[in-house]
Amino acid sequence: MSGEVGKAAIDFLLSSSNKRRQLEVDFFGGEPTVNFDTVKEIVSYARVREAEYGKQIRFTLTTNGVLLNESNIGYINEHMRNVVLSADGRKSVNDKMRTTLGGGGSYDIVMPKFKEIAESRGQENYYIRGTFTRENLDFSEDVKHLADLGFKQISVEPVTAGEEEGYALREEDLPVLFKQYELLADEVLKREREGNGFNFFHFMIDLDGGPCVIKRLTGCGAGNEYLAVTPEGDLYPCHQFVGEHDFKMGNVLSGISEEGKTIRGKFSACNIYSKPECGQCWARYYCGGGCAAAAYFQSGDISSPYRLGCELMRKRIECAVYMNAVRAFNSRLE
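Computed from a predicted model, the values in this text were never measured in an experiment.

Participant: So what exactly am I meant to see when it comes to the packing of helix α7 (residues 174-193) against helix α13 (residues 307-333) here?
Facilitator: Working note: a packed helix pair is described by the angle between its axes plus the distance between those axes. Across the interface, α7 lies against α13 with an axial gap of 10 Å and an inter-helix angle of 25°. Compared by their axis directions, α7 and α13 come out roughly parallel. Of the two possible hands of crossing, α7 and α13 adopt the one that is right-handed. Contacts from Leu-174, Leu-177, Phe-178, Tyr-181, Glu-182, Ala-185, Asp-186, Val-188, Leu-189 and Glu-192 of α7 reach α13 at Arg-307, Leu-308, Glu-311, Leu-312, Lys-315, Arg-316, Cys-319, Tyr-322, Met-323, Val-326 and Arg-327. Considered class by class, the residues forming the contact of α7 with α13 number 13 nonpolar, no polar and eight charged.

The structure is reproduced here in structure tokens:
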């Protein structure tokens, strides 16, 4: 992405966000540190423009860590509200999926840098974020490995891939994955009791207040609250739709096209109240209708819930309920 396109994206965000004052921009890959001068150019421009609009932009940078160094780590800590560190867990798992240009593994290169960032940020305002696939169905071991390394903010997500991919998850894997979430719930509670707890993103659910009305209506907000911008400035509902030309919504230079407005309407209507399957699901208010991209890549229809994803979401919420019950019971004993 050029600086010109990046700055046009900032202008588009500021002018299109109406009365919304708090805005978010994530530098996402490809790898942003390959184009770090442009990242800095965009941030500097945004700081001037946001003041003119009376708004505030919070920046996030997602990185695979290979090119991190003392200089760009310092800049990231100064200017990025949040940082996402991409690693999949154990060395054998990570290096199978995340190789360097020369074909070697990246674990030994990035882990010391990631630990430095986590510590330098006081173990807050970051996530070390991995993906589990059919290659590591025992993903609880990867989460525990990351916790053993000292990381306190951990997210390991299921892969989104078509069934033709050998590493894609299958419905027959669900019993194993359910057990992994159960093991992980007990592990989190155990470490909390020992004074060495950590946050696992999938279990961080507000079971008292629940999700807001907007989340119930728009889910993750793809196509409405959230857009992805390509290096050429093209707009898509989210990063997972980039390259799917039927979902191109316009460009930062020309705005949302008529086709884009139609796409936006489809995503707006893609919520728990429009999906019969969601109406029968006890977890619907905590889910928001599931991932539209996962649904599309599995069925070709963003409004048809991805069954495997639904099953995993229900299990996560079940585990979160269990964990809250255990904590409440233990607090009464103290």
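Participant: Which parts of the structure should I look at to understand the sheet that holds strand β8 (residues 234-236)?
Facilitator: Adjacent strands of a sheet form backbone hydrogen bonds with each other and so pair up, either parallel or antiparallel. The four strands lie next to each other as β7-β8-β9-β10, forming an open sheet whose pairing is antiparallel. Both edges of this open sheet fall to β7 (228-229) and β10 (255-256), since each of them pairs with a single strand only. Both β7 and β8 contribute to a ladder of two bridges, which runs antiparallel. Counterpart to Val-229 in the pairing with β8 is Leu-235.

Participant: What is the right way to look at the environment of Val-34 in this model?
Facilitator: Tracing the chain through its elements places Val-34 in the loop between β1 (22-27) and α2 (36-53). Along the chain, Val-34 and Leu-68 lie 34 residues apart, while their C-alpha atoms are 9.7 Å from each other.

Participant: Just to check I follow, could you spell out the pairing of strand β2 (residues 56-63) for this structure?
Facilitator: Regular strands have side chains that alternate between both faces of the sheet. Counting buried positions along β2 gives six out of eight residues, so the element sits mostly inside the fold. In this sheet, β2 lies alongside β1 in parallel orientation, the contact comprising six bridges. For Phe-27, the partnering residue across the bridge sits in β2 and is Leu-61. For the segment spanning β1, α2 and β2, crossover handedness is right-handed. One ladder, built from four bridges, connects β2 with strand β3 (residues 82-86); its direction is parallel.

Criteria and cut-off values
Residues numbered from 1 in each chain as written. Predicted model: local features only at pLDDT ≥ 70, side-chain atom pairs only at ≥ 80, totals over all residues. Heavy atoms only, no water. Axes fitted to C-alpha atoms, helices over the stretch in contact; angles between N-to-C directions. Helix = DSSP H or I, 4+ residues; strand = E, 2+ residues; numbered from the N terminus. Parallel < 35°, antiparallel > 145°, perpendicular 65-115°, else oblique. Left-handed = near helix turned anticlockwise from the far one by under 90°. Contact = heavy atoms within 4.5 Å. Nonpolar A, V, L, I, M, F, W, Y, C, P; charged D, E, K, R; others polar. Pairing = 2+ DSSP bridges. Buried < 20%, exposed > 50% of the residue type's maximum accessible area, 1.4 Å probe, protein only. Right-handed = clockwise from strand over helix to strand, strands pointing away.

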